[in-house]
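# Summary of the model geometry
What follows is the residue order along each chain.
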Amino acid sequence: MIREALAGKRVLITGVTGFLGQAVLERVLSELPETRVIALVRPRGRRSGRDRLVQLADKPVLARWRERVGSHEARRVLTEDVEVVQGDLDAPPRLPGDLDVVLHCAAAVAFDPPIDEGCANNIEGPVNLYRALRQSGARPHVVHVSTAYVAGDRKGVIDEAPLAHHIDWRAELTAARQARPDAERASREPRRLEAWQHQASKVHRKAGPQTTAGDVERRRVDWVEQRLVDAGRARAQSLGWPDVYTLTKALGERAAEQMAGGATDGPTRPADAHASGEQALALPLSIVRPSIVESALRHPYPGWIDGFKMAEPLIIAYGRGVLPEFPGIPEGVVDFIPVDLVACGLLAVAAQPPEAGAPAYYHISSGSRNPLTFNRMYELVRDYFRAHPMPQRDFGEASVPEWSFPGRGWVERRLGLAERAVATADRVVTRLPRSTRTRGWMSRIHQRRRQVEFLRRYADLYAAYAEAEVIYTDDRAHRLHQQLPAEERDAFGFDAADIDWREYLQDIHCPSVTAPMRHTSPRVEPRTPRPEPAEQPVMAVFDLEGTLLASNVIEGYLWLRLADLPARDWPGELAGVARSLPKYLATERRDRSAFLREVYRRYAGASLAGLQQLVAEEASDLLLSRVSPAGLRQVRAHRACGHHTVLLTGALDVLVEPLRPLFDEVVAARLGVRDGRCTGYLAEPPVVGEARAEWLTHRAARLAADLRGSYAYGDSHSDLPLLERVGNPVVVNPDPALYQTARARRWPIERWQHAGGGRVALPAPAAAGRAAPGATMRAGP
């Protein structure tokens with residue numbers, strides 16, 4: 001039946017590099033050598049459509065065919081025998097005029113895309129395909145792949161028939177196109193921009209205004225995308241569909257019926273069939289509606305799957321013990337169908353074209369004659385993981401939870417509590433001082449947040465499917481299967497009654513989708529790249545306080561001041577600094593540059609020569625002894641590779657003078673001096689926050705250095721602009737805000753131990769033989 005009907009036929013396949021398209025191609029190459037394949041393939045990056053097709057020769061889907069014909073022949077067939085039409089359905093190229101069959105497998109399968117993208121892929125794409133077919137002069141049998149869930153939120157039995165609705169797909173497409181300009185306009189309203197500015201400044205004020213502005217723009221873009229996602233969900237649910245995917249697939253069917261039936265007034269151009277070269281003749285049309293497409297039952301081999309589909313994230317999350325409950329009706333039917341049964345069904349449909357203008361409808365599904373209930377699926381998956389538990393990194397094996405199916409309301413309440421708990425914990429911990437314990441808490445909160453976000457996303461997306469009380473009949477498809485001759489049943493059979501659910505889930509599907517997760521190793525954090533010699537100049541920029549040295553500018557001031565005073569005067573000086581600490585801390589949280597200026601006011605009247613002498617005689621050895629050994633090794637490694645090493649700090653140049661020999665360049669704050677005395681003002685603004693990134697860009701240009709190959713080491717969120725500017729950012733002993741960013745971006749996080757364990761080192765009191773006590777520095781304000 002299929003071999004004879006499709007022998008010598010020219011078959012166009014769209015979506016051939018997708019999951020279903022690959023399965024169809026495998027069946028044609030393996031079993032229909034006389035069928036000529038034409039593939040519509042879009043280029044991607046530097047890879048042409050032909051390149052992308054030929055790459056399939058090395059993929060698992062074609063492994064058995066490749067073994068049978070040989071690797072060389074497999075690549076030759078995909079290079080020479082399969083015809084490639086390069087392009088996509090946004091603007092289809094001219095199609096061959098001698099096509100016999102079109103298998104339209106291309107689609108966007110995300111359940112919650114922005115409304116304009118969903119409509120463009122699932123409505124406008126098919127319309128453009130039918131227009132291109134008209135313009136080519138071909139009159140092929142079009143097999144349009146839809147989904148069983150186009151029926152929408154319904155209960156009971158759904159027949160293989162046209163959808164009963166009167167929604168104008170042209171109007172919906174026009175409105176969807178307008179949704180993005182409307183959202184973009186709304187996103188620029190002052191009240192929204194001010195709110196995002198307030199939120200971003202709380203996070204990034206230390207880093208600087210440009211970093212804040214960048215975050216405001218990211219928030220605006222994210223808001224636009226989320227508004228379009230929400231618009232799609234709201235519009236779909238207002239019309240009786242669970243999500244924009246099923247709505248747009250339903251409207252895509254109606255567009256296919258009208259365009260294949262002879263309509264020429266598509267939404268992308270005026271209706272002018274004669275001017276465009278279209279032939280307004282009806283095309284034979286079959287609409288095939290698979291249910292939930294999962295891994296293969298038999299072909300190309302049991303368990304073949306290309307990427308995660310609908311059920312896999314939930315199965316793996318359950319196996320890892322992080323899915324304690326899920327909204328679902330235990331008696332509801334989970335309508336899985338293996339991908340090879342769908343591919344075979346499509347070819348059987350392609351072999352039996354209906355009359356032009358009288359579309360045929362088929363469900364490729366399992367729920368009618370071989371139902372799998374939600375509770376039965378849960379029991380089979382639970383028993384599989386009990387027998388074959390998932391490994392947990394560093395924690396042995398995961399234990400799976402028992403589900404009681406408490407209903408969507410209970411799950412929603414628990415999710416809400418978890419979301420509020422994570423948000424509260426995050427607010428508290430981000431205000432704590434940096435420490436190993438704080439970073440541990442933040443790591444656990446980060447992991448918990450990801451789990452809660454995962455549960456929220458999939459509960460929102462899949463609850464409607466898990467609670468469905470619907471059966472999709474497959475009578476017409478079953479009759480088509482029964483017409484297959486016995487010699488074709490093994491190669492092309494697609495009877496869902498053949499599925500043994502215990503065998504499929506426990507011996508085929510679950511082992512296949514969990515196999516990549518079972519070969520685990522201890523969790524490997526992103527590693528600091530080892531310095532390597534480079535042809536182009538490379539810079540390595542190090543922050544000082546908190547990175548190389550467990551110190552800060554207040555401690556530096558106190559050390560110098562106390563060393564200049566007799567011990568009896570220490571309590572008064574310490575008390576004065578303590579009174580100013582709340583003001584300093586508040587300023588530092590708001591603006592690092594303003595904080596430095598306030599602290600350095602205390603140096604007003606100090607003798608610059610006295611400071612230099614004090615540092616040389618009293619502080620040099622102590623400062624060098626407190627540099628992190630690991631940090632010092634990293635500096636030396638960069639210098640050994642010929643990198644230009646820079647110490648970039650807000651500390652005073654006089655204080656860091658003992659470290660100058662370790663680096664090629666030192667950039668530090670300088671005090672203004674008049675008549676040998678410090679004025680209490682800086683000679684120029686300190687290089688902090690965004691100023692560090694701009695300094696680095698300017699200096700790299702002077703050195704002709706490669707920033708993508710350069711390194712930066714920092715500990716504070718104020719270092720974020722600097723870290724973002726290089727190709728090798730390294731976070732060292734980070735504060736909570738920078739730790740969150742580093743985890744999110746998978747930057748290396750180093751934990752450098754500092755000599756002295758970070759404890760404040762007190763100097764000896766002023767000694768005789770040096771300048772008289774108080775002569776170097778007078779009391780600060």
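See above for the structure.
Quick summary incoming for the structure in this document.

Conventions and cut-offs
Residues numbered from 1 in each chain as written. Predicted model: local features only at pLDDT ≥ 70, side-chain atom pairs only at ≥ 80, totals over all residues. Heavy atoms only, no water. Helix = DSSP H or I, 4+ residues; strand = E, 2+ residues; numbered from the N terminus. Buried < 20%, exposed > 50% of the residue type's maximum accessible area, 1.4 Å probe, protein only. Contact = heavy atoms within 4.5 Å. Lys, Arg positive; Asp, Glu negative; His and termini not counted. Charge placed at Lys NZ, Arg CZ, Asp CG, Glu CD. Polar contact = N/O pair within 3.5 Å; in protein donor to acceptor, adjacent residues only side chain to side chain. Pairing = 2+ DSSP bridges. Salt bridge = Lys/Arg side-chain N within 4 Å of Asp/Glu carboxyl O. Axes fitted to C-alpha atoms, helices over the stretch in contact; angles between N-to-C directions. Left-handed = near helix turned anticlockwise from the far one by under 90°. Nonpolar A, V, L, I, M, F, W, Y, C, P; charged D, E, K, R; others polar. Expected span 1.5 Å × (residues − 1). Arc of directions from axis to C-beta. Phe/Tyr/Trp six-rings, centres within 6.5 Å; stacked < 30°, edge-to-face > 60°. Lys NZ or Arg CZ within 6 Å of the ring centre and 35° of its normal.

Per the secondary structure count, the protein includes 28 helices and 21 strands. Here the C-alpha coordinates of the protein stretch approximately 110 × 60 × 55 Å along the principal axes. Considering the protein as a whole, with its 781 residues, one finds that 54% of them fall into the buried category. Taking as baseline every contact in the protein between residues at least 6 positions apart, the subset at least 24 positions apart corresponds to 79%. In the protein, 104 side chains carry a positive charge and 98 a negative one; their mean positions are 6 Å apart.

This brings us to the environment of Q86. Inspection of the secondary structure assignment puts Q86 in strand 3 (residues 83-86). Q86 sits in the partly exposed class, given a relative accessible area of 42%. Along the sequence, Q86 and H638 sit 552 residues apart, while their C-alpha atoms lie 48 Å from each other. Every residue in contact with Q86, bar those within four places of it in the chain, is listed here: V41, P43, S48, G49, R50 and P93. Separated by 2.7 Å, the side chain of Q86 and the backbone nitrogen of G49 make a polar contact.

This part takes up the sheet that holds strand 15 (residues 644-652). Strand order in this open sheet of six strands is 16-15-14-19-20-21, and the pairing throughout is parallel. Looking along the sheet, the strands with just one partner apiece sit at the ends: strand 16 (665-669) and strand 21 (749-750).

Take the pattern of salt bridges next. The tally for this structure, following the rule as stated, stands at 49 salt bridges. Residue E31 is joined to R27 by a salt bridge in which the shortest nitrogen-to-oxygen separation is 3.9 Å. Residue E31 and its partner R27 are both found in helix 2 (residues 19-31); the two are separated by four residues, about one turn of the helix. Classification of R27 as buried rests on a relative accessible area of 4%. The partner of R456 in a salt bridge is E419, and the shortest N-O contact between them spans 2.8 Å. Pair noted here: R456 is in helix 16 (residues 436-466) and E419 is in helix 15 (residues 408-429), with a separation of 37 residues, a long-range link. Residues joined by salt bridges that share partners form a network here, namely R3, E26, R27 and E31.

Moving on, we come to the packing of helix 7 (residues 169-187) against helix 9 (residues 209-239). Running from N to C, helix 7 and helix 9 cross one another at 145°; their axes reach a closest spacing of 9 Å. Like other packed secondary-structure pairs, helix 7 and helix 9 cross with a definite hand, here right-handed. Of the residues in helix 9, those touching helix 7 at E172, A179, R180, A183, E184, A186 and S187 are R220, W223, V224, E225, R227, L228, R235 and L239. Per-class residue counts for the contact of helix 7 with helix 9 are seven nonpolar, one polar and seven charged.

Secondary-structure assignment places T528 in the loop between helix 19 (501-518) and strand 14 (539-542). Here E750 takes part through its side chain, which lies 2.4 Å from a polar atom of the side chain of T528. For T528, the residues in contact, after removing those within four places along its chain, are Q634, Y713, V730, P748 and E750.

The omega angle of the peptide bond from H299 to P300 is 0°, so this bond is cis rather than trans. Examined against the element boundaries, P300 turns out to sit in the loop between strand 8 (292-294) and helix 12 (312-319).

Our focus in this paragraph is helix 24 (residues 629-640). Compared with the 16 Å implied by 1.5 Å per residue over twelve residues, the 16 Å span of helix 24 between its first and last C-alpha is a close match. Inspection of helix 24 places G631, L632, Q634, V635 and H638 among the buried residues, and these make up the whole buried set. Across the axial projection of helix 24, the buried residues extend over an arc of 160°, all falling on one side. Facing away from the buried side of helix 24 by over 90 degrees, the exposed positions are R633, R636 and A640. In this fold, the buried residues of helix 24 make contact with strand 14, strand 15 and strand 19 (711-714).

To continue, consider the sheet that holds strand 3. Across the sheet, seven strands lie side by side as 3-2-1-4-5-7-10; this open sheet has parallel pairing. Each having just a single partner strand, strand 3 and strand 10 (360-364) make up the two edges of the open sheet. With strand direction ignored, the average angle separating the axes of adjacent strands in the sheet is 20°.

Right, let's get into the environment of Q178. Relative to the helices and strands, Q178 is located in helix 7. Q178 sits in the partly exposed class, given a relative accessible area of 37%. Taking the C-alpha atoms as reference, Q178 lies 8.1 Å from D116; in sequence the two are 62 residues apart. A distance of 3.0 Å separates the side chain of Q178 from the side chain of D182, its partner in a polar contact.

With that out of the way, let us pick up the packing of aromatic side chains. Enumeration over the complete set of coordinates arrives at 21 aromatic pairs. Aromatic side chains Y384 and F385 sit 5.1 Å apart centroid to centroid with 70° between the ring planes, which places their arrangement in the edge-to-face category. The two residues Y384 and F385 agree in class, both being buried. Through a chain of ring-to-ring contacts, three or more aromatic side chains come together here, namely Y318, F326, F374, Y378, Y384, F385, W403 and F405. Here R476 stacks its cationic end above the ring of Y362, 5.6 Å away from the centre of that ring.

When you tally the buried positions in strand 2 (residues 36-41), you get five out of six residues, the bulk of the element. Pairing of strand 1 (residues 10-14) with strand 2, which is carried by five bridges, proceeds in the parallel orientation. Paired with L12 across the two strands is I38, which belongs to strand 2. Bridge analysis of strand 2 against strand 3 gives four bridges, and the strand direction is parallel. Its bridge partner being in strand 3, A39 is matched across the sheet by V84.

Shape descriptors only; they carry no functional weight alone.
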